[in-house]
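One letter stands for each residue in the lines below.
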Amino acid sequence: MQRTYKTVSYGVRQSRSMSSVSTEPIRFDTKIALLLREDLEPWQRLNVTAFLVSGLGTQVPEVVGEPYEDADGVPYLPMFRQPVMVFEATKETLTTAHARVLSRALPRALFTGDLFATGNDRDNRAAVRAVPTAELDLVGLAVYGPRNAVDKVVKGARMHP
């Protein structure tokens, strides 16, 4: 019996079987982008990234693919179905991106500097709620939507090194 496996990796679907390997490109009409403030410490970048993507994954179900399973049948949780583009920017560029994402009403998640001092979800939400939109100390932003709209939101940012 011939087995066929399909995997998705950075926009390429590979179909493998015992006798052949073929590759066909996958084009996503949507984009997931994270924008991190450039002055964050490495541990902060990782922490902010984890929190931001969890927000998109829970509220925008179409971004999540199917569960994984290895060859022995051990199941694993599903992950995003498409690449996540990670950018970095100055505080000013992040503020501009925030205004753009709000004007386009795209699904978004944010992380503010105040959240580094809290230790639980309740306090995180209270810290964000206590600050007017224009005064948020943004350190991270996640956005999902049509490619062109997301590209306009992150305009001026650069790919994270």
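Per an unreviewed UniProt entry, the protein chain goes by the name DUF2000 family protein and belongs to Streptomyces cellulosae.

Draft legend 1. Quick look at the overall build of the protein chain. From N to C terminus, the protein chain includes four helices and ten strands. The N-to-C order of helical and strand elements in the protein chain reads β-β-β-β-α-β-β-β-α-β-α-β-α-β. The buried share among the 161 residues of the protein chain stands at 32%. For the protein chain, long-range pairs separated by at least 24 residues make up 67% of all intrachain contacts whose partners lie at least 6 apart in sequence. Accessible surface for the protein chain amounts to roughly 10,300 Å². Of this, 54% is attributable to carbon and sulfur atoms.

Draft legend 2. The packing of aromatic side chains, seen in detail. Counted according to the given criterion, the structure contains three aromatic pairs. Taking the centre distance of 5.6 Å and the plane angle of 70° together, the rings of Trp-43 and Phe-116 count as edge-to-face. Of the two residues, Trp-43 is situated in helix 1 (residues 42–59) and Phe-116 in the loop between strand 8 (108–112) and helix 3 (121–129); the sequence distance between them amounts to 73 residues. The exposure class assigned to Trp-43 is exposed, which follows from its relative accessible area of 53%.

Draft legend 3. Representation of the side chain of Thr-30. By the element assignment, Thr-30 lies in strand 4 (residues 30–37). Overall, the relative accessible area of 15% leaves Thr-30 in the buried class. Discounting residues that sit within four places of it in the chain, Thr-30 has contacts with Arg-81, Gln-82, Tyr-144, Gly-145, Pro-146 and Arg-147.

Draft legend 4. Focus on the side chain of Lys-31. Residue placement: Lys-31 occurs in strand 4. Of the polar contacts made by the side chain of Lys-31, one reaches the side chain of Asp-151; its length is 2.4 Å. Every residue in contact with Lys-31, bar those within four places of it in the chain, is listed here: Gln-82, Met-85, Val-143, Tyr-144, Gly-145, Arg-147, Val-150 and Asp-151.

Draft legend 5. Representation of the sheet that holds strand 7 (residues 84–89) in the model. Spatially, five strands are ordered 8-9-4-7-10 in an open sheet, and the strand pairing comes out mixed. Strands with a single pairing partner mark the edges of an open sheet, and in this sheet they are strand 8 and strand 10 (158–159). In the sheet, strand 4 pairs with strand 7 via six bridges, with the strands oriented parallel. Within strand 7, the position partnered with Ala-33 by the bridge is Met-85.

Draft legend 6. Local environment of the pattern of salt bridges. Throughout the structure, instances matching the rule amount to nine salt bridges. Between Arg-37 and Asp-137 there is a salt bridge, with the nearest N and O atoms lying 2.8 Å from each other. Separated by 100 residues along the polypeptide, Arg-37 in strand 4 and Asp-137 in the loop between helix 3 and strand 9 (138–146) bring together distant segments of the chain. Of the residues examined, Arg-37 reaches a relative accessible area of 11% and is grouped as buried. Exposure remark for Asp-137: the relative accessible area of 25% places this residue in the partly exposed category. Across the pair Glu-88 and Arg-45 runs a salt bridge whose closest N-O atoms are separated by 2.9 Å. One end of the pair, Glu-88, is in strand 7; the other, Arg-45, is in helix 1, with 43 residues separating them in the sequence. Each member of the pair, Glu-88 as well as Arg-45, carries the same accessibility label: buried.

Quick notes on the rules
- Residues numbered from 1 in each chain as written.
- Predicted model: local features only at pLDDT ≥ 70, side-chain atom pairs only at ≥ 80, totals over all residues.
- Heavy atoms only, no water.
- Helix = DSSP H or I, 4+ residues; strand = E, 2+ residues; numbered from the N terminus.
- Buried < 20%, exposed > 50% of the residue type's maximum accessible area, 1.4 Å probe, protein only.
- Contact = heavy atoms within 4.5 Å.
- Areas by Shrake-Rupley, 256 points an atom, 1.4 Å probe, with all protein chains shown as cover.
- Phe/Tyr/Trp six-rings, centres within 6.5 Å; stacked < 30°, edge-to-face > 60°.
- Polar contact = N/O pair within 3.5 Å; in protein donor to acceptor, adjacent residues only side chain to side chain.
- Pairing = 2+ DSSP bridges.
- Salt bridge = Lys/Arg side-chain N within 4 Å of Asp/Glu carboxyl O.

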